[in-house]
Amino acid sequence: MIELSHVTKRFGATLALDDVSFAVRPGSIVSFLGPNGAGKSTALRCLVGLVQPDTGTATVAGVAYRTLRSPGLVAGVLLNADDAHPGRTGRETLRLACLTLGLPFSRADEVLAEVGLSRAESRRRVRTYSLGMRQRLGIARALLGDPSVLVLDEPANGLDPQGQRWLAGLLRQRAERGGAVLLSSHQLAEVARIADRVVMIGAGRVLANRPLADAGAAE
Ligand code: ADP
Ligand code: ADP
């Protein structure tokens, strides 16, 4: 449902991705793990068409993300919690996304409730939000179209332990309903509760791809 196949990407002299291949099947959660600069963001950006691989293919639901007819309804994407316009309220941010996706505004309030942003918080400008609140807003936007695929870059950033448990439960629920979830992280601890498999990347290369229990044992 999410697949990178032999993806290579250079930025000048930097080999950001070196023959990277892995897949996330329906009903499963994969944690994409590696230190800063390892290539995680580049791989996720390839998946959603923001970065063009030099060679290889990156597909969502079997095709290039950009060729999906309603990408926002197929795959929810969180790339960077700072994407949201600081001068808009959280609710406005989501309502604008509803317009883009052709969804009723009521859907914005549904996902706000789902991510635990209160009515009062959703009416404040994003510039007043903590990082954790911005993450929740970004996750809310990813969930708007009720997609079967989630691609999330460092979704646990800024979430406290309770927030991380909430996120783990939410992602588990999506996977149990047949969704495919890919999330990146620079540390194993926080994602240990979430993933079925761990794909480890270092300096642009896949170092390991195993069930979580094995990955934990290797630490
Ligand atoms: P991660 O998300 O794991 O921190 P990135 O995918 O952001 O890693 O970066 C991988 C490597 O590619 C790093 O060396 C980074 O500096 C480089 N890189 C990423 N994007 C660009 C870009 N647009 N131009 C030049 N170098 C880039
Ligand atoms: P993230 O926090 O999502 O990993 P980064 O802060 O690494 O994102 O990068 C933000 C933007 O800058 C991205 O578009 C990325 O491709 C680009 N970028 C990252 N590293 C470099 C670099 N060394 N040179 C130029 N652009 C870069």
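See above for the structure.
From a predicted model like this one, the values you see are computed outputs, not experimental measurements.

Caption draft 1: Up close: the site of ligand 1. Taken together, the residues surrounding ligand 1 are F11, T14, A16, P35, N36, G37, A38, G39, K40, S41 and T42. Taking 560 Å² as the accessible area of ligand 1 by itself, protein coverage stands at 58%. Where the shell around ligand 1 is concerned, the elements lending two or more residues are β2 (14–24) and α1 (40–47). Sort the elements by how many residues they give to the shell around ligand 1 and α1 lands first, with three residues. Class assignment for the residues of the shell around ligand 1 results in four nonpolar, six polar and one charged.

Caption draft 2: Summary view of helix α7 (residues 161–176). Here α7 spans 22 Å end to end across 16 residues, near enough to the 22 Å set by a 1.5 Å rise per residue. Turning to α7, its buried residues number three or more, namely G163, Q164, L167, A168, L170, L171, R174 and A175. Along the axis of α7, the buried positions cluster into a sector of 165°, meaning they face one direction only. For α7, exposure combined with an orientation more than 90 degrees from the buried face picks out P161, Q162, R165 and E176. A positive backbone phi angle near 100° is found at G178, which sits one or two residues after α7.

About the cut-offs
Residues numbered from 1 in each chain as written. Chains lettered and ligands numbered in written order. Predicted model: local features only at pLDDT ≥ 70, side-chain atom pairs only at ≥ 80, totals over all residues. Heavy atoms only, no water. Near = heavy atom within 4 Å. Areas by Shrake-Rupley, 256 points an atom, 1.4 Å probe, with all protein chains shown as cover. Helix = DSSP H or I, 4+ residues; strand = E, 2+ residues; numbered from the N terminus. Nonpolar A, V, L, I, M, F, W, Y, C, P; charged D, E, K, R; others polar. Expected span 1.5 Å × (residues − 1). Buried < 20%, exposed > 50% of the residue type's maximum accessible area, 1.4 Å probe, protein only. Arc of directions from axis to C-beta.

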